Amino acid sequence: MEHHDLLAGLIRLHVLHHAADGEIYGQWMIEELGHHGYKLSPGTLYPMLHGMERNGYLSSRKEQIGRTFRRLYRATPLGLEALAIAKARVRELVREVHDPASVDQP
Ligand SMILES: [Zn+2]
């Protein structure tokens, strides 16, 4: 993915946003991010999901579908807390980016 380092945080927030609403799984998330202009391969998204789980933001369970399994993720209390903080920061950033004059300069 182009500009991966810069956009990775936004993608993680996007994942957290949907995982706060209900369970998500990798392929669904790849399609959802695709609607928002992010082209992610499973090789990029899955390690991201695993990392977020390792850091305590997501928890997961395995669901059996026929002969295969898929892993469902949802936000943990820590994930919800981080999302609330990040949303406030995003709101502030968006305001500054679109209307610099509305933000007090130091
Ligand atoms: Zn979305």
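Criteria and cut-off values
- Residue positions are given per chain, counting from 1 as you read along its sequence in written order.
- Side-chain atom pairs in this predicted model are given and counted only at pLDDT of 80 or more, local residue features only at pLDDT of at least 70, and totals for whole chains, interfaces and linings cover all residues.
- Excluded from the side-chain calculation are hydrogens and water; included are all heavy atoms of the structure.
- Distances up to 2.8 Å from the metal define which N, O and S atoms are donors, and 3.2 Å serves for Na, K and Ca; water is absent from the atom set, so sites may look incomplete.
- Each helix is a run of DSSP H or I of at least 4 residues and each strand a run of E of at least 2, with the numbering of both proceeding from the N terminus.
- Exposure is judged per residue with a 1.4 Å probe applied to protein chains only, and the accessible area is read against the type maximum: over 50% gives exposed, under 20% gives buried, and values in between give partly exposed.
- Residue contacts are counted whenever heavy atoms from the two residues lie within 4.5 Å of one another.
- Multiplying 1.5 Å by the helix residue count minus one yields the expected span of that helix.
- The arc under discussion is defined with respect to the helix axis, by the directions toward the C-beta atoms.
- Salt bridges are counted wherever a side-chain nitrogen of Lys or Arg sits within 4 Å of a carboxyl oxygen of Asp or Glu.
- Strand pairing is assigned whenever DSSP detects at least two bridges linking the two strands.

Draft legend 1. Up close: the coordination of the zinc ion. Every protein donor of the zinc ion is accounted for by H14 (NE2), H18 (NE2) and E32 (OE), and the metal-donor separations fall at 1.8 to 2.1 Å. Counting residues between consecutive donors of the zinc ion along the chain gives the motif H-x3-H-x13-E. Highlighted residues: H14 and H18, both in helix α1 (residues 4–21), separated by 4 residues, approximately one helical turn. Here H14 and H18 have matching classes, each one buried.

Draft legend 2. Representation of the environment of A20 within the structure. Relative to the helices and strands, A20 resides in helix α1. Judged by relative accessible area, which is 27%, A20 ranks as partly exposed. A20 sits 55 residues away from A75 along the chain, and the two C-alpha atoms are 5.0 Å apart. Contacts of A20, omitting those with residues within four sequence positions, involve R74, A75, L80 and L83.

Draft legend 3. Layout of helix α3 (residues 42–54). Taking 1.5 Å per residue, 13 residues should reach 18 Å; α3 reaches 18 Å between its end C-alpha atoms and fits that length. Turning to α3, its buried residues number three or more, namely L45, M48, L49, G51 and M52. What you see down the axis of α3 is that its buried residues fit within an arc of 165°, all on one side. Seen from the buried face of α3, the exposed residues on the opposite side, beyond 90 degrees, are G43 and R54. Buried positions along α3 lie against α1, α2 (26–35), β2 (58–65) and β3 (68–75). Where α3 terminates, the next one or two residues include G56, which has phi positive at roughly 90°.

Draft legend 4. Summary view of the pattern of salt bridges. Evaluated as defined, the whole model comprises 2 salt bridges. The partner of R70 in a salt bridge is E63, with the nearest N and O atoms 3.2 Å apart.

Draft legend 5. Here's a closer look at the sheet that holds β3. Judged by pairing direction, the sheet is antiparallel, and its 3 strands sit side by side in the order β1-β3-β2 without closing on themselves. Each edge of the open sheet carries a strand with a single partner, namely β1 (24–25) and β2. Of the pairings in the sheet, the one linking β2 to β3 comprises 8 bridges and is antiparallel in character. When the sheet's bridge partners are listed, K62 is paired in β3 with R71.

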